[in-house]
Amino acid sequence: MQGDTSSYKLTANTNNTFFVFCKPDTTAYITKADSMQLQSDSLNYNFFFDFAAKQLYNKVHFSTPNTRESMFTAHQLKVRDANPILKKNFSNDWMVILLLLCFSLLAWILSFSVKRVKQIIKASYSNRTINHLIRDGDLFKERITLAFGIIYFLSISLFIFQCSHYYLNLKATAYYSLFFFLKILLIVIVAYLIKLSATKFIGIVFKNNSASYVYLLNGFIFNIITGIILLPLLLFMIYSKSTINSFTTNLSIVIVISLSLIRFFRYIIIG
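Residues numbered from 1 in each chain as written. Predicted model: local features only at pLDDT ≥ 70, side-chain atom pairs only at ≥ 80, totals over all residues. Heavy atoms only, no water.

Caption draft 1: The arrangement of the overall build of the protein chain in detail. Counting its secondary structure elements, the protein chain contains seven helices and two strands. Reading the secondary structure of the protein chain in the N-to-C direction produces β-β-α-α-α-α-α-α-α. In the protein chain, which comprises 271 residues, the share counted as buried stands at 32%. Long-range contacts, defined as pairs at least 24 residues apart, comprise 63% of the intrachain contacts of the protein chain with a sequence gap of at least 6. (Helix = DSSP H or I, 4+ residues; strand = E, 2+ residues; numbered from the N terminus. Buried < 20%, exposed > 50% of the residue type's maximum accessible area, 1.4 Å probe, protein only. Contact = heavy atoms within 4.5 Å.)

Caption draft 2: Molecular detail of the nonpolar core. With 43 residues, the main nonpolar core has Phe 148, Leu 158, Phe 159, Phe 161 and Phe 181 as its most contacted residues. Breaking this core down by element, the ones donating at least two residues are α1 (93–112), α2 (114–122), α3 (127–135), α4 (143–168), α5 (178–205) and α6 (209–239). Here the element with the most residues in this core is α4; it accounts for 12 residues. (Core = buried A, V, L, I, M, F, W, Y, C linked by side-chain atoms within 4.5 Å.)

Caption draft 3: Representation of the environment of Leu 99. Its place among the elements puts Leu 99 in helix α1. Judged by relative accessible area, which is 3%, Leu 99 ranks as buried. For the pair formed by Leu 99 and Leu 235, sequence separation is 136 residues and the distance between their alpha carbons is 8.3 Å. Leave out the neighbours within four places in its chain, and Leu 99 touches Leu 158, Leu 231, Leu 234, Leu 235, Ile 238 and Tyr 239.

Caption draft 4: Spotlight on a nonpolar patch on the surface. Taken together, the side chains of Val 96, Leu 100, Phe 103, Leu 235, Phe 236, Tyr 239 and Ile 244 define a hydrophobic patch exposed on the protein surface, amounting to about 610 Å² of accessible area. Secondary-structure elements contributing two or more residues to the nonpolar patch are α1 and α6. By secondary structure assignment, the location of Tyr 239 is in helix α6. Residue classification places Tyr 239 among the partly exposed positions, given a relative accessible area of 40%. (Patch = residues over 30% accessible without salt bridge, like charges linked within 9 Å, V, L, I, M, F, W, Y side chains within 5 Å. Areas by Shrake-Rupley, 256 points an atom, 1.4 Å probe, with all protein chains shown as cover. Salt bridge = Lys/Arg side-chain N within 4 Å of Asp/Glu carboxyl O.)

Caption draft 5: The side chain of Arg 116, seen in detail. Looking at the element boundaries, Arg 116 is found in helix α2. The class of Arg 116 is buried, set by a relative accessible area of 9%. Filtering out sequence-adjacent residues up to four positions away, Arg 116 remains in contact with Leu 133, Asp 136, Gly 137, Leu 139, Glu 142 and Ile 144.

Caption draft 6: View of the confidence of the model for the protein chain. Of the residues in the protein chain, 69% have a pLDDT of 70 or more, and the chain-wide mean is 77. Contacts for the low-pLDDT stretch residues 1–33, under 50 throughout, to residues beyond four places or in other chains number 53 contacts. Contacts for the low-pLDDT stretch residues 36–40, under 50 throughout, to residues beyond four places or in other chains number four contacts. (pLDDT = per-residue confidence, 0-100.)

Caption draft 7: Representation of the packing of α3 against α6. Two elements in contact, α3 and α6, have axes whose closest approach is 12 Å; the angle formed by their N-to-C orientations is 105°. The pairing of α3 with α6 is recorded here as roughly perpendicular in orientation. For the pair α3 and α6, contact is made by Ile 130, Leu 133 and Ile 134 and by Tyr 213, Val 214, Leu 217, Asn 218 and Ile 221, respectively. (Axes fitted to C-alpha atoms, helices over the stretch in contact; angles between N-to-C directions. Parallel < 35°, antiparallel > 145°, perpendicular 65-115°, else oblique.)

Caption draft 8: Examining the side chain of Asn 223 more closely. In this structure, Asn 223 sits in helix α6. Within the local environment of Asn 223, its side chain forms a polar contact with the side chain of Tyr 152, the two groups lying 3.5 Å apart. (Polar contact = N/O pair within 3.5 Å; in protein donor to acceptor, adjacent residues only side chain to side chain.)

Caption draft 9: Looking closely at the packing of α1 against α4. The interhelical angle for the contact between α1 and α4, taken along N-to-C directions, is 145°, at an axis separation of 10 Å. Of the two elements, α1 crosses α4, and the hand of that crossing is left-handed. Every residue of α4 that contacts α1 at Trp 94, Met 95, Leu 98, Leu 99, Leu 101, Cys 102, Leu 105, Leu 106, Trp 108, Ile 109 and Phe 112 is listed here: Arg 143, Ile 144, Ala 147, Phe 148, Ile 150, Ile 151, Leu 154, Leu 158, Phe 161 and Gln 162. Residue classes in the contact of α1 with α4 are distributed as 19 nonpolar, one polar and one charged. (Left-handed = near helix turned anticlockwise from the far one by under 90°. Nonpolar A, V, L, I, M, F, W, Y, C, P; charged D, E, K, R; others polar.)

Caption draft 10: Representation of α6. A rise of 1.5 Å per residue sets the reference length of α6, with its 31 residues, at 45 Å; its end C-alpha atoms lie 45 Å apart and thus fit the reference within 8%. Most pronounced at Leu 231, the bend in α6 amounts to some 35°, and the proline Pro 232 follows within four residues. (Expected span 1.5 Å × (residues − 1). Bend = angle between axes of the 7 residues up to and from the residue.)

Caption draft 11: Here's a closer look at the packing of aromatic side chains. Summed over the entire model, instances satisfying the criterion amount to 13 aromatic pairs. Look at Phe 161 and Tyr 176: their rings are 5.3 Å apart centre to centre, the planes differ by 35°, and that puts the pair in the tilted class. Placement of Phe 161 in helix α4 and of Tyr 176 in the loop between α4 and α5 is noted, with a sequence separation of 15 residues between them. As far as the burial class goes, Phe 161 and Tyr 176 line up, both buried. Seen in terms of ring centroids, Phe 161 and Phe 180 are 6.0 Å apart; in terms of plane orientation they differ by 50°. Their pairing is tilted. Within this pair, whereas Phe 161 is found in helix α4, its partner Phe 180 is found in helix α5, the two being separated by 19 residues in sequence. (Phe/Tyr/Trp six-rings, centres within 6.5 Å; stacked < 30°, edge-to-face > 60°.)

Caption draft 12: Region of interest: the pattern of salt bridges. Summed over the entire model, instances satisfying the criterion amount to two salt bridges. Across the salt bridge formed by Asp 136 and Arg 116, the nearest N and O atoms sit 3.8 Å from each other. Within this pair, whereas Asp 136 is found in the loop between α3 and α4, its partner Arg 116 is found in helix α2, the two being separated by 20 residues in sequence. With its nearest N and O atoms 2.6 Å apart, the salt bridge here joins Glu 142 to Arg 116. Placement of Glu 142 in the loop between α3 and α4 and of Arg 116 in helix α2 is noted, with a sequence separation of 26 residues between them. Overlapping salt bridges, with partners in common, bring together Arg 116, Asp 136 and Glu 142 in one network.

See the structure below:
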């Protein structure tokens, strides 16, 4: 199973495969100064066989490393920023506080005013229930009005905030922050107050305060329902993965638009 160094021919086995090491040339031994001199290992052979070229080579000719083209290539990624970029950490812990506040207020309302909440929900599709709601007292002067108002303003502002992040990627533009949310909340409150003042002013001018009151009451009822429905959806919009987040965001938009259309038709009926 060893080749003949004088003829540079290799002996093949039954499978016709070549062997790497050849018979050592006794005239060209490397002198060793230790006990390894008597060992007949691969270092004693002066010739080796290259399977790729199928040729026999003398080890002396390859004392220096053979330079070949590397089989590894560089990555194909393009360098966008040569300088290091500071990593920005985005936290949504403040959303947890807002959601806990909304759920706490909703739990308090359901604990003490369940009958009134049922009337509010029925009033969204029944004119008779609106009359009962008015006869039972002024809803705008009840203690649950402030709680429902907080729930609506916070939930609708969080909804707008999350939709903006979903479509505009606020983290990339550095607007994913509490400060930007407070701006949205302020705009929503100011817009509602302007609408409220304009409706009351029109009622006074045309001497029809009862119609303007029913108009405002109808809008407030739909605001309450919108805020209650958005609360559980916001949990999925904020804390779910991309697939569920996308589905919940689109579903929330459809629900808000549908409630707005129903409210618009109710306005027409009242008008």
